[in-house]
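Here is how the chains run, residue by residue.
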Amino acid sequence: MTKQLSDKVALITGGGSGIGRATAVLFAQEGARVAVADLNPDSAAETVQMITAGDGQAFHFQADVSQAADVQAMVGEVVARYGRLDCAFNNAGIEGSPVRTMDVDEADFDRIIAVNLKGVWLCMKYELEQMLAQGGGAIVNTASVAGLVGAHSMPAYAASKHGVVGLTRTTAVEYARKGIRVNAICPSFVQTPLVERAFAALPGLEQGVLNANPSRRLAAAEEIARAVLWLCSDAASFTNGAALTIDGGFTAQ
Ligand SMILES: NC(=O)c1ccc[n+]([C@@H]2O[C@H](COP(=O)([O-])OP(=O)(O)OC[C@H]3O[C@@H](n4cnc5c(N)ncnc54)[C@H](O)[C@@H]3O)[C@@H](O)[C@H]2O)c1
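Residues numbered from 1 in each chain as written. Predicted model: local features only at pLDDT ≥ 70, side-chain atom pairs only at ≥ 80, totals over all residues.

Engineer: Hey, could you run me through the overall build of the protein in this one?
Structural biologist: What the protein contains, in helices and strands, is eight helices and seven strands. Relative to the 2.2 N^0.38 estimate, which gives 18 Å for 253 residues, the radius of gyration of the protein is 17 Å and therefore close to what a compact globule would have. By its C-alpha atoms, the protein is 45 × 35 × 35 Å across when sized along the principal axes. Residues counted as buried form 47% of the 253 residues belonging to the protein. Considering only contacts within the protein whose residues lie at least 6 apart along the sequence, 72% involve residues at least 24 apart. (Helix = DSSP H or I, 4+ residues; strand = E, 2+ residues; numbered from the N terminus. Rg over C-alpha atoms; globule rule 2.2 N^0.38 Å. Buried ≥ 20, exposed ≤ 12 C-beta atoms within 10 Å, placed from the backbone. Contact = placed C-beta atoms within 7 Å.)

Engineer: It is not clear to me how the site of the ligand should be interpreted in this structure. Could you clarify?
Structural biologist: In the vicinity of the ligand there are 30 residues, among which Gly14, Gly18, Gly93, Thr192 and Leu194 approach most closely. Of all the secondary-structure elements, those providing two or more residues to the shell around the ligand are helix H1 (18-29), helix H4 (106-134) and helix H6 (193-201). Its residues assigned to classes, the shell around the ligand shows 13 nonpolar, 15 polar and two charged. (Near = placed C-beta within 6 Å. Nonpolar A, V, L, I, M, F, W, Y, C, P; charged D, E, K, R; others polar.)

Engineer: How do you make sense of the sheet that holds strand E1 (residues 9-13) when you look at a structure like this?
Structural biologist: In a beta sheet, neighbouring strands pair by backbone hydrogen bonds and run either parallel or antiparallel. Strands sit in the order E3-E2-E1-E4-E5-E6-E7 across an open sheet of seven strands; the sheet is parallel. Looking at which strands have only one partner, the edges of the open sheet turn out to be strand E3 (57-62) and strand E7 (243-246). Adjacent strand axes in the sheet meet at a mean angle of 20° when their direction is disregarded. With three bridges joining them, E1 and strand E4 (residues 87-90) adopt parallel strand pairing. Looking at E4, one finds that isoleucine 12 is bridged to phenylalanine 89. Sitting on the sheet, H1 is in contact with E1, strand E2 (33-38), E3, E4 and strand E5 (137-142), with an inclination near 170° to E1. Contacts between H4 and the sheet are confined to E1, E4, E5 and strand E6 (180-187), with E4 contributing the most and set at about 175° to the helix. (Pairing = 2+ DSSP bridges. Axes fitted to C-alpha atoms, helices over the stretch in contact; angles between N-to-C directions.)

Engineer: What is the right way to look at the packing of helix H3 (residues 68-82) against H4 in this model?
Structural biologist: Between two packed helices, what matters for the description is the angle formed by their axes and the separation of those axes. The N-to-C vectors of H3 and H4 enclose an angle of 35°; their axes lie 9 Å apart at closest approach. Seen along the crossing, H3 lies across H4 with a hand that is right-handed. Contact residues: Ala68, Val71, Gln72, Val75 and Val79 in H3; Leu122, Cys123, Tyr126, Glu127 and Gln130 in H4. For the contact of H3 with H4, the residue count by class is seven nonpolar, two polar and one charged. (Left-handed = near helix turned anticlockwise from the far one by under 90°.)

Engineer: When you look at the environment of alanine 220 in this model, what are you seeing that I'm missing?
Structural biologist: Relative to the elements of secondary structure, alanine 220 occurs in the loop between helix H7 (205-212) and helix H8 (221-232). Linking alanine 220 and alanine 22, residues 198 residues apart in sequence, is a C-alpha distance of 9.3 Å.

Engineer: Whenever I open this one, the pairing of E6 confuses me. Can you help?
Structural biologist: For E6, the tally of buried residues reaches eight of eight residues, placing the bulk of the element in the interior. Here six bridges tie E5 to E6, and the two strands are oriented parallel to one another. What sits directly across from alanine 138, in E6, is arginine 181. In this fold, the crossover linking E5 to E6 by way of helix H5 (residues 155-175) has right-handed handedness. (Right-handed = clockwise from strand over helix to strand, strands pointing away.)

Engineer: How should I be thinking about the environment of phenylalanine 238 in this particular structure?
Structural biologist: Tracing the chain through its elements places phenylalanine 238 in the loop between H8 and E7. Here phenylalanine 238 falls in the exposed class, since 5 other C-beta atoms lie within 10 Å of it. A sequence separation of 61 residues divides phenylalanine 238 from arginine 177, and the C-alpha atoms of the two residues are 11 Å apart.

Engineer: Looking at this structure, how should I read the pairing of E3?
Structural biologist: The two faces of a sheet get side chains in turn, since along a regular strand they alternate between them. In this structure, E2 lies alongside E3, joined through six bridges in parallel fashion. Along E3, the bridge assignment pairs arginine 33 with glutamine 57. Once the chain exits E2 it traverses helix H2 (residues 41-53) before rejoining the sheet at E3, and the crossover so formed is right-handed.

Engineer: Would you mind showing me how to read the nonpolar core here?
Structural biologist: Soluble globular proteins tend to pack their nonpolar side chains together in the buried interior. Ala10, Val34, Ile224 and Val228 are the most contacted members of the largest nonpolar core, which totals 75 residues. Setting aside chain neighbours within four positions, we find valine 228 in contact with Thr23, Phe89, Val140 and Ile185. (Core = buried A, V, L, I, M, F, W, Y, C linked by C-beta atoms within 7 Å.)

Engineer: Sorry if this is basic, but what is going on with the environment of alanine 133 here?
Structural biologist: When you line up the elements, alanine 133 lands in helix H4. Note on alanine 133: 10 C-beta atoms within 10 Å, which makes it exposed. Distance in space between the C-alpha atoms of alanine 133 and glycine 20 is 26 Å, their sequence separation being 113 residues.

Spatial relationships are all this shows, so hold off on functional conclusions.
Structural data, given as structure tokens:
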């Protein structure tokens, strides 16, 4: 069977853990050469080992997506190694402490916006430059259901993810005739280290999350990865500017 990303080059931020790792592994299985970028070089290197152990091709790169110099160097390294950039999954993100709007620490607010929102913009800024030069590409940004509806005790996070949805739609409109598609994914709670931290920080959250979801379960990271694969593949050739919910029906209620 033909692989869905044969001959494609993919860049994944936050590729050292959770959704990013599951997507990096799946992309490599589907034939892509994968750049695994993360703030944490050890976890990114582990993802690369998982890929190369399965005969895939990948390298890791340490980058803080909130820093323009890091992001520029990251995209530059992908092109230097693999010659092009077909698929970019701008996924790195942080959750912050669970507190209500009035109690958010200013530095925490700034950091969440810097990583989750400015980071996505910076990634697209340099990815678009390369994709325009080569004549096309597909970008997927990680938003959240918290980019579509309010998220109790996560004000900065919800603001950042609503921003990602707006940025995605705007960029999609701007580059639609240049062969570049830009979409966002909006998952509900996914079983990853990020969610394990959130559940540990807020007793009762896990049961509340399960009760609130019509499917009464979390998503597996692989279920999110499969949606990202589809959005990056040619099968999604007319899907542009979407904010795709992958939420077990949560926002349909
Ligand atoms: N897990 C969920 O329930 C869920 C739901 C909706 C959206 N999301 C979003 O999915 C994305 C991935 O989340 P996850 O659950 O896999 O989390 P995770 O914590 O397991 O993985 C996130 C990765 O991003 C990296 N990272 C953090 N800050 C970075 C930075 N400044 N530069 C580069 N890398 C950085 C971390 O080192 C980590 O490896 C995030 O954007 C998150 O907001 C997660």
